[in-house]
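Here is what each chain is made of, one letter per residue.
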Amino acid sequence: MEIMLNGKTQQLADGSTAADLVVTLGLTGKRVAMEINQEILPRSQFQTHVLQPGDQVEVVHAIGGGLAKSL
Amino acid sequence: MAQIKEQVVPLAAEDKPLVIAGKTYRSRLLTGTGKYRDMEQTRLATEAAGVEIVTIAIRRSNIGQDPDKPSLLEVLPPEKYTILPNTAGCYTLQDALRTCRLARELLDGHSLVKLEVLGDEKTLFPDITETLKAAEILVKEDFDVMVYTNDDPIIAKRLEEIGCVAVMPLAAPIGSGLGIRNPYNIRTIVENARVPILVDAGVGAASDAAIAMELGCDGVLMNTAIAGARDPVLMASAMKKAVEAGRESYLAGRIPRKRYASASSPIEGTFF
């Protein structure tokens, strides 16, 4: 199936969970937050939440930044 | 036997600690974490600044990022620093709200955020109408909102009334280094406020930070002035001292300005 990940198309195996996506991204164990179709998905639900084709997914983390513009 | 009179050094007005959203801070300097050369410089400058609150940005995690590189929150751990996620780069109400909600999830329910909704890229001035709306929604969602705004005393008061935990007027455009462009407005904002007022943006040199503090501000937030200096770690140390000196100068109470001289040596007893 195809989802939109951080604004780009991404192929994923059918039935993939949010946790599977984190593994695919190579971010296992990293502090990330996820939004699916503009709704927050709590980290406690990563293991059980099954992604659907066409989902708009944002995966974010903290970076250096101060005012308005970041690196 | 001659009585030795005890020398009593008059104390400056007792300082109250900086309290934001119920938490007490010793440092009145807050720093951003952007624009540094690398993580090591970020860490060293942050330490030299002696800060307890650091602001961070929230960005997409992309495939191909080096997973072995230390992440910002490993270099500046939330156990050691109060992490202040910001909505830098947000030009709409929705983007600002989404960023705050993601930040709260990212930081395990931590509710302190720095709200900024920007008007345009050239000035990076705040979009006040959207900032007011965003602040109202975030306060209802139980965020502790520190809000970036312009130096308009009326708007600063509105933001306080909405329930923001700190109001942060700009001194000059973000990254401009122009210093305190309207000290009279900053002073008026401070006088009217019941929440901490922190100058956010526009500081260029340590003297600017001292001026902000002498105006009675509760703190100063900066990033470019430190990260963009030729020696960021040294500038961080200078800013720490400037904020402390400015605070003491404010508490000590400056002399009034006069047009003509007033001698500091007595006139009596001169032999000429």
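The written sequence of each chain sets the order in which its residues are numbered from 1. Whichever chain is written first becomes A and whichever ligand is written first becomes 1, with later ones labelled in order. Under the rules for a predicted model, residues below a pLDDT of 70 receive no local features and side-chain atom pairs below 80 are neither given nor counted, while totals for whole chains, interfaces and linings still include all residues. The side-chain quantities take in all heavy atoms of the structure and omit both hydrogens and water.

Novice: Before we go on, may I ask you to explain the packing of helix H3 (residues 93-106) of chain B against helix H4 (residues 128-140) of chain B in this structure?
Specialist: Packed helices, taken two at a time, are described by the angle between their axes plus the distance between the axes. All names here are of chain B. Taken N-terminus to C-terminus, the directions of H3 and H4 make an angle of 35 degrees; their axes are 9 Å apart at the nearest point. As H3 runs across H4, the sense of the crossing is right-handed. Taken together, the residues of H4 that come into contact with H3 (itself represented by Leu-93, Leu-97, Cys-100 and Arg-101) are Glu-130, Lys-133, Ala-134, Ile-137 and Leu-138. Side-chain classes follow a simple rule in which Ala, Val, Leu, Ile, Met, Phe, Trp, Tyr, Cys and Pro form the nonpolar group, Asp, Glu, Lys and Arg form the charged group, and the remainder, Gly included, forms the polar group. Taken together, the residues of the contact of H3 with H4 sort by class into 6 nonpolar, no polar and 3 charged. With axes taken as lines fitted to C-alpha atoms, and helix axes fitted only over the stretch in contact, angles between N-to-C directions fall between 0 and 180 degrees. The way it works is that DSSP assigns letters per residue, a run of H or I at least four long becomes a helix, a run of E at least two long becomes a strand, and they are numbered from the N terminus. Here is the rule for handedness: rotate from the far helix to the near one, and if that takes an anticlockwise turn smaller than a right angle the crossing is left-handed, while a clockwise turn gives right-handed. We call two residues in contact when some of their heavy atoms are within 4.5 Å.

Novice: Would you mind going over the sheet that holds strand E8 (residues 166-169) of chain B with me for this structure?
Specialist: Strand pairs in the sheet, formed through backbone hydrogen bonds, run parallel or antiparallel to each other. All names here are of chain B. Taken together, the 3 strands give an open sheet; going across it, the order is E6-E7-E8, and neighbouring strands pair in parallel fashion. Looking along the sheet, the strands with just one partner apiece sit at the ends: strand E6 (112-115) and E8. The average undirected angle you get between the axes of adjacent strands in this sheet is 15 degrees. Two elements, strand E7 (residues 144-149) and E8, share 4 bridges in a ladder whose sense is parallel. Along E8, the bridge assignment pairs Val-147 with Val-167. When DSSP finds at least two bridges between two strands, those strands are taken to pair.

Novice: Honestly, the interface of chain B and chain A in this entry has me stumped. Any pointers?
Specialist: How big an interface is tends to be stated in terms of accessible area lost as the parts join. Listed per partner, the contact involves 40 residues of chain B and 31 residues of chain A. Summed over both partners, the interface of chain B with chain A comes to about 3,200 Å²; 56% of that surface belongs to carbon and sulfur atoms. We define a salt bridge as a side-chain nitrogen of Lys or Arg found within 4 Å of a carboxyl oxygen belonging to Asp or Glu. Summed over the shared surface of chain B and chain A, the result is 5 salt bridges. When the shortest N-O distance is used, the salt bridge between B:Asp108 and A:Arg31 registers 3.1 Å. Residues adjacent in sequence count toward polar contacts only when both atoms are side-chain atoms; beyond that, a polar contact is any pair of N or O atoms within 3.5 Å, and within protein one must be able to donate a hydrogen and the other to accept it. Remark: the boundary between chain B and chain A carries 13 residue pairs in polar contact (both at pLDDT 80 or more). Residues belonging to the side of chain B that touches chain A are distributed by class as follows: 18 nonpolar, 10 polar and 12 charged. Pairing between strand E5 (residues 56-64) of chain A and strand E4 (residues 53-60) of chain B: 5 bridges, direction antiparallel. Bridge pairing links A:Ala62 to B:Ile58 in E4(B). A simple way to read buried area is as the amount of 1.4 Å-probe accessible surface that goes missing from two parts once joined, with both sides added.

Novice: Explain the pattern of salt bridges to me, please; I cannot follow it from the model alone.
Specialist: Oppositely charged side chains are able to pair whenever their charged atoms sit close together. All names here are of chain B. Considering all chains together, one arrives at 20 salt bridges over all chains under this definition. Its salt-bridge partner being Arg-37, residue Asp-38 comes within 3.7 Å of it at the nearest N-O pair. When accessible area is computed with a 1.4 Å probe and restricted to protein chains, residues below 20% of their type maximum are described as buried, those above 50% as exposed, and intermediate ones as partly exposed. For Asp-38, a relative accessible area of 35% puts it in the partly exposed group. Residue class for Arg-37 comes out exposed when judged on its relative accessible area of 66%. For Asp-200, the salt bridge identified is with Lys-114, shortest N-O distance 2.7 Å. Here the residue Asp-200 occupies a position in strand E9 (residues 198-200), and Lys-114 occupies one in strand E6, the gap between them amounting to 86 residues.

Novice: Mind showing me how you'd approach the packing of aromatic side chains here?
Specialist: The relative placement of two aromatic rings is captured by the distance of their centres and the angle of their planes. In summary, the pairing rule links any two rings of Phe, Tyr or Trp, Trp by its six-membered ring, whose centres are within 6.5 Å, and it sorts them by plane angle into stacked for under 30 degrees, edge-to-face for over 60 and tilted for everything else. Taken as a whole and judged by the stated rule, the model has 1 aromatic pair over all chains. As a reminder, the over-ring test applies to NZ of lysine and CZ of arginine, requiring each to be within 6 Å of the ring centre and within 35 degrees of the ring normal. Here the guanidinium or amino end of B:Arg104 rests over the ring plane of B:Phe143, the centre of that ring lying 3.7 Å away.

Novice: Please explain the nonpolar core as it appears in this structure.
Specialist: Where a protein is soluble and globular, its nonpolar side chains tend to be buried together. In this structure, B:Leu115, B:Val145, B:Val199, B:Val203, B:Val220, B:Met222 and B:Met239 are the most contacted members of the largest nonpolar core, which totals 65 residues. If one sorts the elements of this core by residue count, H3(B) sits on top with 7 residues. Among residues more than four places away in sequence, those in contact with B:Val203 are B:Gly177, B:Asp208, B:Ala209, B:Val220, B:Met222, B:Ala225 and B:Met239. Residue types Ala, Val, Leu, Ile, Met, Phe, Trp, Tyr and Cys, when buried and joined through side-chain atoms within 4.5 Å, form a set referred to as a nonpolar core. Membership of the second largest hydrophobic core comes to 18 residues, among which are A:Met1, A:Leu21, A:Val22 and A:Val57.

Novice: In this structure, what is going on with helix H6 (residues 183-192) of chain B? I would like to understand it.
Specialist: Given 3.6 residues to a turn, an α-helix orients residues that are three or four positions apart in the same direction. Residue and element names in this part refer to chain B. Taken together, the buried positions of H6 are Ile-186, Ile-189 and Val-190. Each buried residue of H6 lies within a common arc of 100 degrees when the element is viewed along its axis, so the set occupies one face. Opposite the buried face of H6, by more than 90 degrees, sit the exposed residues Tyr-184 and Glu-191. Looking at the packing, one finds that the buried side of H6 touches helix H5 (153-162), E8 and E9. This arc is built from the directions going out from the helix axis to the C-beta atoms.

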